Amino acid sequence: AALITNFDEQHGNDLFVANDTDANHYWVSSPQDEESGESGAGFALKEQASLRGCALGPLGTAQSCMGVAHGDFDRNGLVDLHITNFTNESSDLYVQQASGLFQNQAVRY
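Residues numbered from 1 in each chain as written. Predicted model: local features only at pLDDT ≥ 70, side-chain atom pairs only at ≥ 80, totals over all residues. Heavy atoms only, no water.

Q: Looking at this structure, I do not really get the overall build of the protein chain. What am I missing?
A: Check the secondary structure of the protein chain and you find 1 helix and 8 strands. Over its C-alpha trace the protein chain gives a radius of gyration of 15 Å, about what one expects of a compact globule, namely 13 Å for 109 residues. Dimensions of the protein chain, computed from C-alpha atoms along their principal axes, come out at roughly 50 × 30 × 20 Å. Within the span of the protein chain, comprising 109 residues, buried residues form 35% of the whole. For the protein chain, the accessible area works out to roughly 6500 Å², and carbon and sulfur atoms hold 51% of it. Averaged over its 4 positive side-chain charges, the protein chain has a centre that lies 10 Å from the centre of its 15 negative ones. (Helix = DSSP H or I, 4+ residues; strand = E, 2+ residues; numbered from the N terminus. Rg over C-alpha atoms; globule rule 2.2 N^0.38 Å. Buried < 20%, exposed > 50% of the residue type's maximum accessible area, 1.4 Å probe, protein only. Areas by Shrake-Rupley, 256 points an atom, 1.4 Å probe, with all protein chains shown as cover. Lys, Arg positive; Asp, Glu negative; His and termini not counted. Charge placed at Lys NZ, Arg CZ, Asp CG, Glu CD.)

Structure below.
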């Protein structure tokens with residue numbers, strides 16, 4: 001499952017991919033470095049799921065992700081992610097913090 005939206009309200013759209021039995025991906029858009037000589041649009045995507053806290057389940061392992069929904073679960077104005085998983089695996093709720101990092105709050109809620 002995948003979701004394209006502007007998670008951080010900067011630099012265009014970002015991409016979250018909920019992977020089945022592999023770590024999730026979170027591609028963050030950022031301006032391309034003009035000095036690097038890269039051509040094309042003005043943005044590049046960088047994978048940052050591990051750095052931002054939305055790559056793995058609560059036990060630090062990949063889950064069998066089946067679907068993704070987004071909303072502002074904690075009403076702080078930031079996009080949060082709800083991931084459904086396969087049979088006998090709990091859902092994940094990645095709540096985005098003001099710092100741009102996510103915390104899996106499924107157990108708490």
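Read on, since the account is not over.
Q: It is not clear to me how the nonpolar core should be interpreted in this structure. Could you clarify?
A: Side chains of a nonpolar character, in soluble globular proteins, are inclined to be buried together. The biggest cluster of nonpolar side chains holds 15 residues, and the ones touching the most others in it are Phe7, Phe16, Tyr26, Cys54, Leu81, Ile83 and Phe102. If we ignore the near neighbours within four places in the chain, the residues touching Leu81 are Leu3, Phe7, Phe16, Val68, Ala69, His70, Asp92, Leu93, Tyr94 and Phe102. (Core = buried A, V, L, I, M, F, W, Y, C linked by side-chain atoms within 4.5 Å. Contact = heavy atoms within 4.5 Å.)

Q: Looking at this structure, I do not really get the sheet that holds strand E7 (residues 92-96). What am I missing?
A: Two modes of strand pairing occur in sheets, parallel and antiparallel, and in both the strands are linked by backbone hydrogen bonds. If you trace the 4 strands from one edge of the open sheet to the other, you get E5-E6-E7-E8, paired in antiparallel fashion. Strands at the two margins of the open sheet, each flanked by one partner only, are strand E5 (65-71) and strand E8 (102-104). In this sheet, neighbouring strand axes are inclined to one another by 20 degrees on average, regardless of whether the strands run parallel or antiparallel. The pairing of E7 with E8 spans 3 bridges and is classified as antiparallel. Paired with Tyr94 across the strands is Asn104, a residue of E8. (Pairing = 2+ DSSP bridges. Axes fitted to C-alpha atoms, helices over the stretch in contact; angles between N-to-C directions.)

Q: Explain the packing of aromatic side chains to me, please; I cannot follow it from the model alone.
A: By convention here, two paired aromatic rings are described through the distance between centres and the angle between planes. Throughout the structure, instances matching the rule amount to 4 aromatic pairs. Relative to Phe102, the ring of Tyr26 lies with its centre 5.4 Å away and its plane at 85 degrees, an arrangement referred to as edge-to-face. Taken as a pair, Tyr26 in strand E3 (residues 25-31) and Phe102 in strand E8 lie far apart in primary sequence, 76 residues in all. Neither residue differs from the other here; Tyr26 and Phe102 are each classed as buried. Centroid distance Phe73 to Tyr109: 4.8 Å. Interplanar angle 80 degrees. Geometry classified as edge-to-face. In this pair, Phe73 sits in the loop between E5 and strand E6 (80-85) while Tyr109 sits in the segment after E8, placing the two residues 36 residues apart along the sequence. The class of Phe73 is partly exposed, set by a relative accessible area of 46%. (Phe/Tyr/Trp six-rings, centres within 6.5 Å; stacked < 30°, edge-to-face > 60°.)

Q: Would you take a moment to explain the side chain of Ser64 for this structure?
A: Tracing the backbone shows Ser64 in the loop between helix H1 (49-52) and E5. If sequence neighbours within four positions are ignored, Ser64 has contacts with Asp20, Thr21, Thr84, Asn85, Phe86 and Glu89.

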